[in-house]
Amino acid sequence: MKNYSQLPEAKMAAVRSDLGDILDTVFAQSALPSLHSLGNAYKDTGDGAIIVLPARHTARLVDPLLGHLNDALARYDKQRLASNPAIRLRSSVHVGPLTPLDHRGDTINEACRLVNSDEARQAMTAAMDNGSFLAAAVSEAAFRRTVHAGRTPNLQAKQFLAASARVDGKDGFEEACRVHVPGISAETLRSYIRSLSEPSSGTADTREEAAPSAGAAPAGPGPTLQFQAPLYDAMVVGSIETLRINRRHR
């Protein structure tokens, strides 16, 4: 929940209760198990929740749940008292193995990092600027199992933006994901995801040119190099004098 920690303490319990009611409603709308039936597979984290369901429910966690959740948050915003804060949520959907009974494992950790990733936070900014209340990061594994597999009748791949989720301060964490904000196109979302606009260093094509025979004059200024991505480095002014080439064996 965005800005939950900034709420006055007297309002926290009421807002958290409202969020619980919203989740109960949208889980029922999405034909998902009641949160009250999940036992320790439902964990209240204060500003949000971790919810563990059998993998067969993965598609419904993406569609229709994300759409229902955004719609419910929009209705709540219209009905809330002016003194009560809006509820805006970041969400992640992930699929993978967990230990039975205590539901522990890397899948939980990865889901938490996805929801706290820079990309999910940037998507939340896009949601706020465009009148939505939910930003979701769907792991590549969950995306392929749901949207890519055609199991989401209301959502298509073009409504998701491919990105790499990173978390500030979590060295080495970088996970492929798809970012989605209900009601916003992927192209609109693209301008908010900073990692997609970072310049690429480019990689050189490694095809070898035939060497000239001994004593022959060069046919031109030198070997031609083709790059697979644009070069943005300001130090490349007009020529490259030293270049390391990794030779590939075909």
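Look above for the structure.
Only a predicted model underlies this, so the values are computations on that prediction, with no experimental measurement involved.

## Remarks on unusual backbone geometry
Residue Pro64 follows Asp63 across a cis peptide bond; omega there is 25°. Position of Pro64 relative to the elements: it lies in the loop between α2 (58–62) and α3 (65–79). Phi is positive for His103, close to 55°, though the residue is something other than glycine. Position of His103 among the secondary structure elements: in the loop between β3 (89–93) and α4 (106–115). When its relative accessible area of 22% is taken as the criterion, His103 is described as partly exposed.

## A look at the pattern of salt bridges
As enumerated under the stated definition, the model contains six salt bridges in all. Residue Arg178 is joined to Glu140 by a salt bridge in which the shortest nitrogen-to-oxygen separation is 3.0 Å. With Arg178 in strand β6 (residues 174–180) and Glu140 in helix α6 (residues 140–145), this residue pair connects regions lying 38 residues apart in the sequence. You can call Glu140 partly exposed: its relative accessible area is 21%. The closest approach of N and O atoms between Glu174 and Arg166, which form a salt bridge, is 3.5 Å. Here Arg166 falls in the partly exposed class, since its relative accessible area comes to 26%.

## A closer look at the packing of aromatic side chains
Taken as a whole, this structure holds one aromatic pair when the rule is applied. Seen in terms of ring centroids, Phe143 and Phe160 are 5.5 Å apart; in terms of plane orientation they differ by 65°. Their pairing is edge-to-face. In this pair, Phe143 is assigned in helix α6 and Phe160 in the loop between α6 and β5 (161–166), connecting sequence segments 17 residues apart.

## So, the pairing of β5
Burial along β5 is one-sided: the residues Leu161, Ala163 and Ala165 are buried and none of Ala162, Ser164 and Arg166 is. Bridge count between β5 and β6: six bridges; the pairing is antiparallel. Along β6, the bridge assignment pairs Arg166 with Glu174.

## Thoughts on the side chain of Thr146
Inspection of the secondary structure assignment puts Thr146 in the loop between α6 and β5. Once residues within four sequence positions are removed from consideration, Thr146 is found in contact with Thr58, Ala59, Val62, Arg151 and Thr152.

## Concerning the nonpolar core
If you look at the biggest cluster of nonpolar residues, it comprises 37 residues, and the most contacted ones within it are Phe27, Val62, Leu69, Ile87 and Leu89. Looking at this core, the elements that each hand over two or more residues are α1 (9–29), α2, α3, β3, β4 (134–139) and α6. The contact partners of Phe27, leaving out residues within four places of it in the chain, are Leu32, Pro33, Leu35, Ile51, Leu53, Leu61 and Leu65. Among the nonpolar cores identified, the runner-up in size contains 20 residues, and Leu114, Ala126, Leu161 and Phe173 belong to it.

Calculation notes
- Residues numbered from 1 in each chain as written.
- Predicted model: local features only at pLDDT ≥ 70, side-chain atom pairs only at ≥ 80, totals over all residues.
- Heavy atoms only, no water.
- Helix = DSSP H or I, 4+ residues; strand = E, 2+ residues; numbered from the N terminus.
- Buried < 20%, exposed > 50% of the residue type's maximum accessible area, 1.4 Å probe, protein only.
- Salt bridge = Lys/Arg side-chain N within 4 Å of Asp/Glu carboxyl O.
- Phe/Tyr/Trp six-rings, centres within 6.5 Å; stacked < 30°, edge-to-face > 60°.
- Pairing = 2+ DSSP bridges.
- Contact = heavy atoms within 4.5 Å.
- Core = buried A, V, L, I, M, F, W, Y, C linked by side-chain atoms within 4.5 Å.

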